[in-house]
Amino acid sequence: MTALQNDTFLRALLREPTEYTPVWLMRQAGRYLPEYCETRRQAGSFLALCKSKELATEVTLQPLDRYPLDAAILFSDILTVPDAMGLGLYFAEGEGPKFERPLREEAAIRALAVPDMSELRYVFDAVSSIRTALAGRVPLIGFSGSPFTLACYMIEGGGSDSYSRIKTMMYDRPELLHHTLDVNARTVTAYLNAQIEAGAQAVQIFDSWGGVLAYGKYQEFSLAYMRQLIAGLKREHDGRRVPVIVFTKGGGLWLEDIAASGCDAVGLDWTVDLAEARRRVGDKVALQGNFDPVALFAKPAAVEAEVARLLASFGSGSGHVFNLGHGISQFTPPEHVGALVQAVHKHSRQYHSAAHQAGA
């Protein structure tokens, strides 16, 4: 593999000195980019796009060709994992992802097993293809949904506003949910390790729905299984540490618990104050976030002002990766994203001078 030309993102995750704050965006390859929409049209369907290593490589690189981002993220979907488990993923027009065979019966839940990773070969092939195409420009991030977030889709059968099915199971039949989560955790461990072997240089666990859980239930049904899978991950590859980021949307109440999970960085949504988060976690982990994605609809001058505010909130020194507090909206003006990336690189350098680093 080609040597990295820009490793700022990886160094920031490990709280090593950097010249500026690196930036990447959740869902940075997506429908807000006209070039993505054109490639998606050529593919014929979202799943066909995910399953073509050539097209997945193309859309992964599209935002990097537009903006000077500091990391690429594999183009895929968190639901490839339950699809490989035989649940039958499909996308209903205007309704989002659905499963033909959601986990509703005890027999189906008991029969759930870690799939053969060959079922996900197309993902690993895409990782290798993207690494080759990047040619060392920036690091590549691999990812998966968290065991609990995957279980939400597997049990609900798709997206949900209330998560009533999985929560009812959690209270009525906790042993069934624990079984599902244990299988998911072992699957995600194998899945992320295979991504690392294929060339992913950092990995992120998307715990998109952990924040819907009650205090105590989050620790038992979401965080415990992320801790389990993190303990099983390869933390070094090709002579370099592979950092792990945990992002629980709505997880601001539990930052100390998440920071103690074994991860290298904690992703923050926009409801969390960066300065307070840094005070709470100390030097245990790096922080990632946390620009409100809807603020990208504001004029570029307002975007720049909000970037400057967040950078000042984190303050001097390394250990911050700039990102959104959740995925970018498909309606975001592409030029506003350019304004954000430029503002991060412009305003963050003052917090990374030698004097600031020494005092951090």
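See the structure printed just above.
Each chain has its residues counted from 1, running along the sequence as written. Restriction of local features to residues with pLDDT of at least 70 applies here, the model being predicted, together with a cutoff of 80 or more for giving and counting side-chain atom pairs; totals for whole chains, interfaces and linings are based on all residues. No hydrogens and no water enter the side-chain calculation; it runs on all heavy atoms of the structure.

K.L.:
Would you take a moment to explain the overall build of the protein for this structure?
P.N.:
Helix numbers and strand numbers start at the N terminus; a helix is a DSSP run of H or I with at least 4 residues, a strand a run of E with at least 2. Regarding its fold elements, the protein presents 16 helices and eleven strands. Radius of gyration here is computed from C-alpha atoms only, and the compact-globule reference equals 2.2 Å multiplied by the residue count raised to the power 0.38. Here the protein has a C-alpha radius of gyration of 20 Å; the compact-globule value for 360 residues is 21 Å, and the two agree. Taking the principal axes of the C-alpha coordinates as reference, the protein spans close to 60 × 45 × 40 Å. Relative accessibility decides the category of a residue: with a 1.4 Å probe and only protein chains considered, values under 20% of the type maximum give buried, values over 50% give exposed, and everything between is partly exposed. Within the protein, the fraction of its 360 residues that count as buried is 57%. Across the protein, the fraction of contacts at a sequence separation of at least 24, relative to all contacts at a separation of at least 6, is 74%. Positive: Lys, Arg. Negative: Asp, Glu. His and the chain ends are not part of the count. Every charge is mapped to an atom, namely NZ of Lys, CZ of Arg, CG of Asp or CD of Glu. Side chains of the protein give 35 positive and 40 negative charges; the mean places of these two sets differ by 2 Å. Residues count as neighbours in contact if any of their non-hydrogen atoms are within 4.5 Å of one another.

K.L.:
I'm lost on the sheet that holds strand β5 (residues 202-207) in this one. Help?
P.N.:
Across a sheet, paired strands are connected by hydrogen bonds in the backbone, their directions being either parallel or antiparallel. Being paired, for any two strands, means DSSP has found at least two bridges between them. Strand order in the open sheet formed by seven strands is β1-β4-β5-β8-β9-β10-β11, with parallel pairing between adjacent strands. Either end of the sheet is taken by a strand with one partner, and the two such strands are β1 (72-73) and β11 (320-321). Here strand β10 (residues 286-288) runs beside β11; their pairing, made up of two bridges, is parallel. Directly across from leucine 287, in β11, lies its bridge partner histidine 320.

K.L.:
Explain the packing of helix α7 (residues 121-134) against helix α10 (residues 174-198) here, please?
P.N.:
A pair of packed helices can be characterised by two numbers: the angle between their axes and the separation between those axes. To obtain an axis, a line is fitted to C-alpha atoms, over the contacting stretch when the element is a helix, and the angle between two such axes runs from 0 to 180 degrees between their N-to-C directions. Viewed as axis vectors pointing N to C, α7 and α10 meet at an angle of 30°, and their least axial separation amounts to 8 Å. In terms of orientation, α7 lies roughly parallel with respect to α10. In terms of crossing hand, the pair formed by α7 and α10 is right-handed. On α10, the residues that touch Val123, Phe124, Val127 and Ser128 of α7 are Tyr191, Ala194, Gln195 and Ala198. If an angle is under 35 degrees, it is roughly parallel; if it is over 145, roughly antiparallel; if it lies from 65 to 115, roughly perpendicular; otherwise it is oblique. Handedness of each helix crossing follows the sense of rotation of the near helix against the far helix: counterclockwise by less than a right angle gives left-handed, clockwise gives right-handed.

K.L.:
Looking at this structure, I do not really get the pairing of β5. What am I missing?
P.N.:
One face of the sheet, then the other: side chains in a regular strand alternate in exactly this way. Counted residue by residue, β5 has six buried out of six residues, so it is predominantly covered. Here strand β4 (residues 140-145) pairs with β5 via five bridges, running parallel. Of the residues in β5, the one forming a bridge with serine 144 is isoleucine 205. One ladder, built from five bridges, connects β5 with strand β8 (residues 244-248); its direction is parallel. Paired with isoleucine 205 across the bridge in β8 is valine 246.

K.L.:
Honestly, the packing of aromatic side chains in this entry has me stumped. Any pointers?
P.N.:
The geometry of an aromatic ring pair is captured by two quantities: the separation of the ring centres and the angle between the planes. We call Phe, Tyr and Trp rings a pair once their centres come within 6.5 Å, taking the six-membered ring for Trp, and we label the pair stacked below 30 degrees between planes, edge-to-face above 60, and tilted otherwise. In the structure shown here, the tally under the stated rule is eight aromatic pairs. Between tyrosine 36 and phenylalanine 75, the ring centres sit 5.7 Å apart and the planes meet at 55°, which makes this aromatic pair tilted. You can see tyrosine 36 sitting in helix α2 (residues 34-43) and its partner phenylalanine 75 sitting in the loop between β1 and α5 (80-87), a full 39 residues away along the chain. The same class applies to tyrosine 36 and to phenylalanine 75, which are both buried. Ring plane angle 50° and centroid distance 6.3 Å describe the contact between phenylalanine 291 and phenylalanine 322, whose orientation is recorded as tilted. With a gap of 31 residues between them, phenylalanine 291 in the loop between β10 and α14 (300-314) and phenylalanine 322 in the loop between β11 and α15 (334-348) connect regions that are remote in the sequence. When sorted by exposure, phenylalanine 291 lands in the same class as phenylalanine 322, which is buried. One aromatic cluster is present, formed by Tyr36, Phe46, Phe75 and Phe91 through successive ring pairs. For a ring to carry a charge above it, either NZ of a lysine or CZ of an arginine must fall within 6 Å of the ring centroid while also lying within 35 degrees of the normal to the ring plane. Across the ring face of phenylalanine 314, the terminal group of arginine 278 is positioned such that the distance to the ring centre comes to 4.0 Å.

K.L.:
Would you take a moment to explain the nonpolar core for this structure?
P.N.:
Across soluble globular proteins, nonpolar side chains show a tendency to be buried alongside one another. Here, nonpolar core refers to any group of buried Ala, Val, Leu, Ile, Met, Phe, Trp, Tyr and Cys residues whose side-chain atoms link them within 4.5 Å. Formed by 126 residues in total, the largest nonpolar core has its most connected members in Phe9 and Leu340. A per-element tally of this core places α10 first, with eleven residues. Setting aside residues no more than four positions away along its own chain, leucine 340 makes contact with Val23, Leu25, Phe291, Leu296, Val303, Val307, Phe322 and Leu324.

K.L.:
Honestly, the environment of histidine 345 in this entry has me stumped. Any pointers?
P.N.:
Topologically, histidine 345 is positioned in helix α15. Classification of histidine 345 by relative accessible area gives buried; the value is 13%. Sequence separation between histidine 345 and proline 139 is 206 residues; the distance between their C-alpha atoms is 17 Å. In this view, histidine 345 contacts Tyr20, Thr21, Val23, Pro68 and Asp70; residues no more than four positions away in its chain are not counted.

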